[in-house]
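If you want the building blocks of each chain, they are given just below.
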Amino acid sequence: MMIPKKLKHRKHHRGRTKGKSMSGNEIAFGSYALKAYENAWVSARQIESARRAMTRYIQRGGKVWIRIFSDKPVTVHGNESPMGGGKGAVDHFVAVVKKGRILFEMDGVTEEQAKEAMRLASYKLPIKTKFLTKND
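Residues numbered from 1 in each chain as written. Predicted model: local features only at pLDDT ≥ 70, side-chain atom pairs only at ≥ 80, totals over all residues. Heavy atoms only, no water.

## Things to note about the sheet that holds strand β7 (residues 129-133)
Strands sit in the order β3-β6-β1-β7 across an open sheet of 4 strands; the sheet is antiparallel. Whereas interior strands pair on both sides, the edge strands pair on one side only; in this sheet they are β3 (63-66) and β7. Sheet twist, expressed as the mean angle between neighbouring strand axes with direction ignored, is 20 degrees. Judged from the 4 bridges that link them, strand β1 (residues 32-36) and strand β6 (residues 102-107) form a sheet pairing that is antiparallel. (Pairing = 2+ DSSP bridges. Helix = DSSP H or I, 4+ residues; strand = E, 2+ residues; numbered from the N terminus. Axes fitted to C-alpha atoms, helices over the stretch in contact; angles between N-to-C directions.)

## Points about empty space enclosed by the protein
All told, the structure shown has 1 cavity of 30 Å³ or more when counted by the stated rule. Here the largest cavity defines a volume of roughly 60 Å³. Lining the largest cavity are His12, His13, Arg14, Trp41, Lys72, Pro73, Val74, Thr75 and Lys87. Class assignment for the residues of the lining of the largest cavity results in 3 nonpolar, 3 polar and 3 charged. (1 Å grid on protein atoms, 1.4 Å probe; cavity = no way out; pocket = protein on both sides within 12 Å on 5 of 7 lines; lining within 4 Å. Points joined across faces, edges and corners; volume = space filled by probe spheres on them. Nonpolar A, V, L, I, M, F, W, Y, C, P; charged D, E, K, R; others polar.)

Structure below.
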C-alpha cells in the first residue's frame, strides 16, 4: 500500500471535499486514462486494489501510472470510548480526489484492453469515473 515515508504533522484536519481539480486533470503520461467525476476520499487500499485489478487484466503488459497518492492520515477512536481524551490514533491514509482528477493512466496496450482494465479498476473505487483517450 502507498503511505508516506515521513509526515510533517502526524494528524490532519478533515478539510472540505468540494470544488474541482485544478491540477492533474489532463492526460500526461499514457494514452488512456480514468478520470474522477465526483469528490471523495480514496483510501490506500482502494488504490492498491484498483491497481492490482488493472495489472492482472493486462497480464503485466503495458505500463500503468498512478496519478494519486494517499498522503492524508485519517484518525479513529476506539468503539464506545467516552468524550474527551483527545484525537484518536492514525488508522489509515487517504487521497483527496476532486472532480476532474486523472486517477490512472495506461499505455502499451490496445484500447479495448485498456477500457476493460479501467472498468475493472473503477469497480474498486468509491466514485464515478470515466474512461478517456489521449485524442479526446
